[in-house]
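Survey of secondary and tertiary structure
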Amino acid sequence: METARGRIDPGRNAFMCLRYSSLKPDRDPGKDVMFDSKRGGSKDGLSSAAARRPTHAPADHPKIPAEKVGILLANLGTPDNYDYWSMRRYLNEFLSDKRVIDYSPWIWQPILQLVVLTKRPFSSGEAYKSIWNNEAGESPLMTITKSQTIKVREALEASFGSEVVVDFCMRYGSPSTKSKVREMVDKGCRKILFFPLYPQYSGATSATANDHFFRALMDEKWQPQVRTVPAYFDRPSYIGALAASVERGYAALEHKPDVLVCSYHGVPTRYLTEGDPYYCQCLKTTRLLKERLGWADDRITTTFQSRFGPEEWLQPYTVEEVARLAERGKKRIAVIAPAFSADCIETLEEINEEIRESFEEAGGEEFTYIPCLNDDDQHIEALCDVIRAHLRGWLG
């Protein structure tokens, strides 16, 4: 197609339906943006059912994919491998995020580049190596997120058919948010529901995932309509899935634990005073779980793990609290991580190794880690419950 400015690229950004339509004044513009099934196949490999020319467009108008709704699941991220350079790339991206480390870059970047990234890739690489899925050549977080995505896709396609496109991205590492937004737009997603898989909101998790999503949209010529999913820690379906996982874990034990430790990822204490609701949402998650299980207050407690740097973080620290429990005569404990939607380095290595060791060294006898909800069917149902609630007005 030729214009005064030259030839139009018939590729992904040449959605020029209305500009080249011969609209009549009394005609509804919405009815003109229709697909003509008689135009034949698509040069870009899409079938005629998937990509067609608008009804009133000229013959050389680029074809446009049928409109769909995208559901983009987002998790934290994972290194591509556990070698030094893979770990360094991943940690550099993660620890350079100002939502995660909000010190002035003039102060933080020299420390990060010259000190932290000189040593930490080795220790973190060893930790990842101890949990690595060697068969698949990826971290457990990647394996689990792929499985979650497949199951969510199957469930939503059963409800909405081919109208939905379900995929996942990572905030750090691959697949990037930007690449997946681009793929969804290419597939005709004129609406995208972005779902950070963090039950509790924090600026260091949910907000930075949303930031990256919005930045990806800045590169799109024709931006889709978007929605973001907020924290879902208090949805009955999520609490129900969490309670069911505790009941299954306890049922498999010969001796019931004295205390269930709900260990959440920590953040600096000042984040709370600066307005981050994470701490309050963690406490409410534990309370709702306790009520769902019908337990007394002394059977469950809230702690925080993964402290990094010199600042005071949310307390009590899990690694210290489990030792105190053992010293007070609580010889059997179970630990669950409600802030994580999938098992990862913080659960499989930190909880199941470092925190277990702290408990046992203080005299603890039986330590049980209850896995994250992962791709459990009840968890998938809970995620789909959240998704369907936020698709209202778009689908169904």
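In what follows, the accompanying structure is described. Small disclaimer: the values here were computed from a predicted structure and weren't measured. (Residues numbered from 1 in each chain as written. Predicted model: local features only at pLDDT ≥ 70, side-chain atom pairs only at ≥ 80, totals over all residues. Heavy atoms only, no water.)

Let us now look at the nonpolar core. Counting 69 residues, the largest nonpolar core has Ile 71 and Leu 260 as the members making the most contacts within it. Of the residues forming this core, the biggest block, seven residues, is contributed by helix α7 (residues 236–251). Those residues in contact with Leu 260, other than ones at most four positions away along the chain, are Val 246, Tyr 250, Leu 289, Trp 295, Arg 299, Ile 300, Thr 301, Ala 334, Val 335, Ile 336 and Ile 370. Leu 72, Ile 101, Val 185 and Ile 345 belong to the second largest nonpolar core, which has 32 residues in total. (Core = buried A, V, L, I, M, F, W, Y, C linked by side-chain atoms within 4.5 Å. Buried < 20%, exposed > 50% of the residue type's maximum accessible area, 1.4 Å probe, protein only. Helix = DSSP H or I, 4+ residues; strand = E, 2+ residues; numbered from the N terminus. Contact = heavy atoms within 4.5 Å.)

All right, on to the packing of aromatic side chains then. If you walk through the whole model with that rule in mind, you get 16 aromatic pairs. With a centroid separation of 5.4 Å and an interplanar angle of 35°, the aromatic rings of Tyr 250 and Trp 295 are classed as tilted. Of the two residues, Tyr 250 sits in helix α7 while Trp 295 sits in the loop between α9 (278–293) and β10 (300–305), which places them 45 residues apart along the sequence. Taken individually, Tyr 250 and Trp 295 each receive the classification buried, so the pair is uniform in this respect. (Phe/Tyr/Trp six-rings, centres within 6.5 Å; stacked < 30°, edge-to-face > 60°.)

Let us now look at the pattern of salt bridges. Considering all chains together, one arrives at 22 salt bridges under this definition. Residue Arg 171 is joined to Asp 97 by a salt bridge in which the shortest nitrogen-to-oxygen separation is 3.2 Å. Of this pair, Arg 171 sits in strand β6 (residues 164–173) while Asp 97 is found in the loop between α2 (84–95) and α3 (105–131), placing the two residues 74 residues apart along the sequence. For Arg 171, a relative accessible area of 8% corresponds to the buried category. Measuring nitrogen to oxygen at the nearest pair gives 2.6 Å for the salt bridge that ties Lys 290 to Asp 297. When its relative accessible area of 57% is taken as the criterion, Asp 297 is described as exposed. (Salt bridge = Lys/Arg side-chain N within 4 Å of Asp/Glu carboxyl O.)

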